[in-house]
Amino acid sequence: MIISQQKLLPDILQSLDGSDVVVIIGCGTCATQCHAGGEEEVQDMKRELEGVGKAVPLSFVLESVCTTQKTKKELTKKSTFIEEADAILVMSCGVGVQTVAELTEKPVFPALDTLFIGSLRRVGHYEELCALCGQCILEYTGGICAINQCSKGLLNGPCGGSKQGKCEIIDDRDCGWYLIYERLKQRGKLYLMEMIHQPQDFSKGQHPQKITLGREMLKKK
Ligand code: SF4
Ligand code: SF4
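What you see is a predicted model; the values in this text were computed from it and never measured.

Thresholds applied
- Residues numbered from 1 in each chain as written.
- Chains lettered and ligands numbered in written order.
- Predicted model: local features only at pLDDT ≥ 70, side-chain atom pairs only at ≥ 80, totals over all residues.
- Helix = DSSP H or I, 4+ residues; strand = E, 2+ residues; numbered from the N terminus.
- Rg over C-alpha atoms; globule rule 2.2 N^0.38 Å.
- Buried ≥ 20, exposed ≤ 12 C-beta atoms within 10 Å, placed from the backbone.
- Contact = placed C-beta atoms within 7 Å.
- Pairing = 2+ DSSP bridges.
- Axes fitted to C-alpha atoms, helices over the stretch in contact; angles between N-to-C directions.
- Parallel < 35°, antiparallel > 145°, perpendicular 65-115°, else oblique.
- Left-handed = near helix turned anticlockwise from the far one by under 90°.
- Nonpolar A, V, L, I, M, F, W, Y, C, P; charged D, E, K, R; others polar.
- Near = placed C-beta within 6 Å.
- Core = buried A, V, L, I, M, F, W, Y, C linked by C-beta atoms within 7 Å.
- Expected span 1.5 Å × (residues − 1).
- Arc of directions from axis to C-beta.

1. Brief notes about the overall build of the protein
Counting its regular elements, the protein contains nine helices and seven strands. Its C-alpha radius of gyration of 22 Å places the protein more than 25% over the 17 Å reference for a compact globule of 221 residues. In terms of its C-alpha atoms, the protein occupies a principal-axis envelope of roughly 65 × 45 × 25 Å. Residues classed as buried in the protein amount to 28% of the 221 residues present. Partitioning the contacts of the protein with sequence separation of at least 6, the portion at a separation of at least 24 is 58%.

What follows is the structure in structure tokens.
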């Protein structure tokens, strides 16, 4: 999931300066899971904006704001309110904000900061797990990402600086390769540590990317 957190209210109010009528759109997927842009947070934001004298004639949560066609349909249905608004405040990750911005000529503002792709460990605790390298090698590393978990992004084993399982660069961080070693040992796959990986083709991880999956590929999914 995409991890995001709400911006500070004064920053949001600053961006909305001069906008008296605001429509708020939340996201029912990642932003809801992060308690940053779900039903509750949208209602809180509505109260905050009304508290400083703004009118919020419409506030709603879309299932996933980043799904362009569905979002377009919903915005069309609600076009009367949107026409009358001075601004739209989107409580989703940056992808959702850009999706809305593309679909309307109204000024669109982000209420959240998008942080990383990661996992929800427990309420309020998120961990970055993938650096979007475009060439996944998790099958060789026991399902632990060497690029993300190792501070140097090493592909072929540890740098040698780890002490008691901790990284030499960041003291309180587990050494990614120590974790990989322990996982492979536990699963009887230590032989994978001996594999030599060629340098990554970083062009695959360049951004922005666009991809079109053919019908055959989509059927397999
Ligand atoms: S190897 Fe690449 S794609 Fe796989 S989890 Fe790590 S960063 Fe993500
Ligand atoms: S100590 Fe471990 S995590 Fe840190 S840079 Fe070296 S191999 Fe990577």
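2. Some details on the sheet that holds strand β6 (residues 112-122)
The strand order across the open sheet built from three strands is β1-β6-β7, with neighbouring strands paired in antiparallel fashion. For this open sheet the edge positions go to β1 (2-6) and β7 (125-128), each flanked by a neighbour on one side alone. Sheet twist, expressed as the mean angle between neighbouring strand axes with direction ignored, is 70 degrees. Relative to β6, β1 runs antiparallel, the two being bridged by five bridges. In the sheet register, Ile2 faces β6, and the bridge partner there is Ile117.

3. Quick word on the packing of helix α4 (residues 68-77) against helix α6 (residues 94-103)
As a packed pair, α4 and α6 sit with axes 10 Å apart at the nearest point and diverge in direction by 55 degrees. As the angle between them shows, α4 and α6 are arranged oblique. In terms of crossing hand, the pair formed by α4 and α6 is right-handed. Of the residues in α6, those in contact with Thr68, Thr71, Lys72 and Leu75 of α4 are Thr99, Val100 and Leu103. Per-class residue counts for the contact of α4 with α6 are three nonpolar, three polar and one charged.

4. Some points on the site of ligand 1
For ligand 1, the full set of nearby residues is Cys130, Ala131, Leu132, Cys133, Cys136, Ile137, Leu138, Cys145, Ile147 and Asn148. Broken down by class, the residue content of the shell around ligand 1 amounts to nine nonpolar, one polar and no charged.

5. Side note on the site of ligand 2
Taken together, 14 residues lie near ligand 2, and Cys150, Pro158, Cys159, Cys167 and Cys175 sit nearest. Looking at the shell around ligand 2 residue by residue, the classes come out as eight nonpolar, four polar and two charged.

6. Regarding the nonpolar core
By size, the foremost hydrophobic cluster in this structure holds 34 residues, and its most contacted members are Ile24, Ile25, Ala31, Ile88, Val90 and Met91. Elements with a minimum of two residues in this core: β1, β2 (21-27), α2 (30-33), α3 (39-51), β3 (55-62), β4 (87-91) and α6. A total of five residues in this core trace back to one element, the largest contributor, which is β2. Leaving out residues up to four positions away in the same chain, Met91 has contacts with Ile24, Ile25, Gly26, Cys27, Ala31, Ala36, Gly37, Glu41, Val42, Met45, Ala111 and Leu112. The next biggest cluster of nonpolar side chains, apart from the first, holds 10 residues, and it includes Ile147, Trp177, Ile180 and Tyr181.

7. Focus on α3
For α3, which comprises 13 residues, the first-to-last C-alpha distance of 18 Å matches the rise-based estimate of 18 Å (1.5 Å per residue) to within 8%. Here α3 has its buried residues at Glu41, Val42, Met45 and Leu49. End-on, the buried residues of α3 take up no more than an arc of 100 degrees, which puts them together on one face. For α3, the exposed residues set more than 90 degrees away from the buried face come down to Glu40, Arg47, Glu50 and Gly51. Note on α3: the residue one or two positions beyond its end, Gly53, has a positive phi of about 95 degrees.

8. What about the environment of Leu49?
With respect to the helices and strands, Leu49 occurs in helix α3. Between the alpha carbons of Leu49 and Phe60 there is a distance of 15 Å; along the sequence they are 11 residues apart. Excluding residues within four positions of it along the chain, Leu49 makes contact with Val22, Lys54 and Val56.

9. Some points on the sheet that holds β4
Spatial strand order, β3-β2-β4-β5: four strands in an open sheet with parallel pairing. Of all the strands in the sheet, just β3 and β5 (108-110) have a single pairing partner and so form its edges. Averaged over all neighbouring strand pairs, the angle between strand axes comes to 20 degrees, with direction disregarded.

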